[in-house]
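# Fold and contact review
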Amino acid sequence: MGLLQYFRKDKPKKGTAKLAKDRLQIIVAHEHSSFDVPSYMPELQKELVAVIRKYMDISSHDVKCEFNDRADDDMSVLEVNVTLPKNK
Amino acid sequence: MAKVIVVTSGKGGVGKTTSSAAIGTGLAKTGAKTVVIDFDIGLRNLDLIMGCERRVVYDLINVINGEANLQQALVKDKRVDTLFILPASQTRNKDALTQEGVALVIEALKADGFEYIICDSPAGIEQGAMMALYFADEAIVTTNPEVSSVRDSDRITGMLSSKSYRSEKQMEPVKVHLLITRYSPERVEREEMLSIEDIDDILGIDLLGVIPESQDVLSASNLGEPVILNQESDAGKAYQDAVDRLLGTPRDLRFVTIEKKGFLSRIFGG
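Structural notes, computed from the coordinates. (Residues numbered from 1 in each chain as written. Chains lettered and ligands numbered in written order. Predicted model: local features only at pLDDT ≥ 70, side-chain atom pairs only at ≥ 80, totals over all residues. Heavy atoms only, no water.)

### Things to note about helix H12 (residues 234–246) of chain B
Residues and elements named next belong to chain B. Counted at 1.5 Å a residue, the expected span for H12 with its 13 residues is 18 Å, and the 18 Å between its end C-alpha atoms agrees. Counting buried positions along H12 gives eleven out of 13 residues, so the element sits mostly inside the fold. Buried within H12 are the following residues: Ala235, Gly236, Ala238, Tyr239, Gln240, Asp241, Ala242, Val243, Asp244, Arg245 and Leu246. Buried positions along H12 lie against strand S1 (3–8), helix H1 (16–29), strand S6 (138–143), strand S7 (175–183), strand S8 (206–212) and helix H11 (215–223). (Helix = DSSP H or I, 4+ residues; strand = E, 2+ residues; numbered from the N terminus. Expected span 1.5 Å × (residues − 1). Buried < 20%, exposed > 50% of the residue type's maximum accessible area, 1.4 Å probe, protein only. Contact = heavy atoms within 4.5 Å.)

### Let's talk about the packing of H1 of chain B against H12 of chain B
Residue and element names in this part refer to chain B. At a minimum axis distance of 9 Å, the contact between H1 and H12 shows a crossing angle of 60 degrees. It follows from the interaxial angle that H1 and H12 lie oblique. Judged by the twist between their axes, the crossing of H1 over H12 is right-handed. Residues Thr18, Ser19, Ala22, Ile23, Gly26, Leu27 and Lys29 of H1 form the contact with H12, whose participating residues are Tyr239, Gln240, Val243 and Leu246. Residues that form the contact of H1 with H12 fall into these classes: six nonpolar, four polar and one charged. (Axes fitted to C-alpha atoms, helices over the stretch in contact; angles between N-to-C directions. Parallel < 35°, antiparallel > 145°, perpendicular 65-115°, else oblique. Left-handed = near helix turned anticlockwise from the far one by under 90°. Nonpolar A, V, L, I, M, F, W, Y, C, P; charged D, E, K, R; others polar.)

### Details of a nonpolar patch on the surface
Residue and element names in this part refer to chain A. Together, Val51, Tyr55, Met56, Leu78, Val80, Val82 and Leu84 line one region of the surface with nonpolar side chains, adding up to about 630 Å² of accessible area. When contributions to the nonpolar patch are tallied by element, the ones reaching two or more residues are helix H3 (41–55) and strand S2 (76–82). By the element assignment, Leu84 lies in the segment after S2. The class of Leu84 is partly exposed, set by a relative accessible area of 48%. (Patch = residues over 30% accessible without salt bridge, like charges linked within 9 Å, V, L, I, M, F, W, Y side chains within 5 Å. Areas by Shrake-Rupley, 256 points an atom, 1.4 Å probe, with all protein chains shown as cover. Salt bridge = Lys/Arg side-chain N within 4 Å of Asp/Glu carboxyl O.)

### Some points on H1 of chain B
All names here are of chain B. Compared with an ideal rise of 1.5 Å per residue, which puts 14 residues at 20 Å, H1 spans 20 Å between its outermost C-alpha atoms and is within 8% of the ideal. Most of H1 sits inside the fold, with eleven of its 14 residues counted as buried. Burial in H1 covers these residues: Lys16, Ser19, Ser20, Ala21, Ala22, Ile23, Gly24, Thr25, Gly26, Leu27 and Ala28. Count one or two residues on from H1 and you reach Gly31, which has phi positive near 100 degrees.

### Here's the deal with empty space enclosed by the protein
Residues and elements named next belong to chain B. For the coordinates displayed, the defined rule picks out two cavities of 30 Å³ or more. Of the volumes computed, that of the largest cavity is approximately 40 Å³. Secondary structure elements with two or more residues in the lining of the largest cavity: H1 and H11. Among the residues making up the lining of the largest cavity, the classes are represented as six nonpolar, two polar and one charged. For the second largest cavity, the calculated volume is near 30 Å³. If you trace the second largest cavity, you find it lined by Val210, Ala238, Asp241, Arg245, Leu253, Arg254 and Phe255. Sort the elements by how many residues they give to the lining of the second largest cavity and H12 lands first, with three residues. Partitioned by chemical class, the residues of the lining of the second largest cavity number four nonpolar, no polar and three charged. (1 Å grid on protein atoms, 1.4 Å probe; cavity = no way out; pocket = protein on both sides within 12 Å on 5 of 7 lines; lining within 4 Å. Points joined across faces, edges and corners; volume = space filled by probe spheres on them.)

### Things to note about unusual backbone geometry
Residue and element names in this part refer to chain B. Positioned with a positive phi, Gln170 is a non-glycine residue whose angle comes to about 50 degrees. By the element assignment, Gln170 lies in the loop between helix H8 (165–168) and S7. A positive phi angle is found at Arg182, which is not glycine, with a value near 60 degrees. Judged by relative accessible area, which is 42%, Arg182 ranks as partly exposed.

### Regarding the sheet that holds S8 of chain B
All names here are of chain B. Spatially, S3-S4-S2-S5-S1-S6-S7-S8 is the arrangement adopted by the eight strands of the open sheet, whose pairing is mixed. Two strands lie at the open edges of the sheet, namely strand S3 (75–76) and S8, each paired on one side alone. Bridging between S1 and strand S5 (residues 116–120) involves five bridges; their strand directions are parallel. Bridged to Val7 within S5 is Asp120. Where helix H5 (residues 99–111) meets the sheet, it contacts S1, strand S2 (34–38), strand S4 (83–86) and S5, and its direction lies at approximately 150 degrees from that of S5. Contacts from helix H10 (residues 196–203) reach S6, S7 and S8, with the element oriented near 150 degrees to S7. (Pairing = 2+ DSSP bridges.)

### A look at the nonpolar core
Residue and element names in this part refer to chain B. Among the nonpolar cores identified, the biggest contains 54 residues, and Val35, Phe39, Leu60, Leu86, Leu97, Leu109 and Ile117 are the most heavily contacted of them. Sort the elements by how many residues they give to this core and helix H6 (residues 127–134) lands first, with five residues. Setting aside its immediate chain neighbours within four residues, Leu97 contacts Phe39, Ile41, Leu60, Ile61, Ile64, Val102, Gln127, Gly128 and Met131. Counting residues in each nonpolar core, the second largest holds 34 residues, with Val56, Ile85, Ile118 and Ile211 among its members. (Core = buried A, V, L, I, M, F, W, Y, C linked by side-chain atoms within 4.5 Å.)

### Comments concerning the pattern of salt bridges
Side-chain pairs of opposite charge can arise whenever the charged atoms involved come near each other. According to the stated counting rule, one finds 15 salt bridges over all chains in the structure shown. Asp201 of chain B serves as the salt-bridge partner of Lys21 of chain A, at 2.7 Å between the closest nitrogen and oxygen. With Lys21 of chain A in helix H2 (residues 16–34) and Asp201 of chain B in helix H10, this residue pair bridges two chains. Residue classification places Asp201 of chain B among the partly exposed residues on the basis of a relative accessible area of 48%. Between Glu192 of chain B and Arg187 of chain B there is a salt bridge whose closest N-O contact spans 2.9 Å.

So, in structure tokens, the structure goes:
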């Protein structure tokens, strides 16, 4: 940094690299978790809800579908969680 | 055994073509027959960076379509005997780049005795970029210490492990290397720029080299002479180190720490 630049007011902000790294870590982690979700997932979830509804009284919020592609394993896991209302 | 190496990045303008030219030249200088293929259909530029733009007659698409044979399309470098380039088409649409066509060209190059086939990828994740990486044995992911470039590099690394021939055939995965370009130790010191460690934390790819920000890169492209041929230049030396590491010779990282400035340059800047 030269002498002239030293007196300038608009010096670049210090420490922005830290923020860049934090933002990147969050977005990259998020993208990794959603990378390999197949495009048919929303449709699958809708149909599952429809089928279960034939027998039980649930809403679409009671069904959670999660797709996990495990890097260290050679398999993918489709997890379907259905929260059922207590039978009365 | 011939090796197909893709130079890729996702993001544009980070130095893929500069790096392809430099690394291709470096590999050819060892005496290994090397070709650099420009996959940027419609935006050909490798020829300019390598200074052979006036000798281009046929291109990659001509070869794929059978309008020219490989020997007619290959442009031989005037400086390094074992170096060739296969230019991109400037007029065709990138859909002309078919998987079968690219496979045929790569097979023909291997049969012709090429040891290194460097694929200079276009930016983005469309047809041209996917074809450039599809047949790769190794990949050099070029990254600037900047958020959008690092994110795109992560994305393209994902593509390499899911959309390549090696992944589809469940072979040993593509060996991915990280090449950081336009690195400025001064700005990293002032915490204005992501450091090598930061980038490594996020991407987790083997580091092949770090090319410092250097005016010599622009001069080299002005001259049409790969920057690695300028061994006075820090960038040229850093590319040479990267080539050595690619060939399995360990080299310490250079030009990654701040140089102490003299009294005069401190006063006047520089």
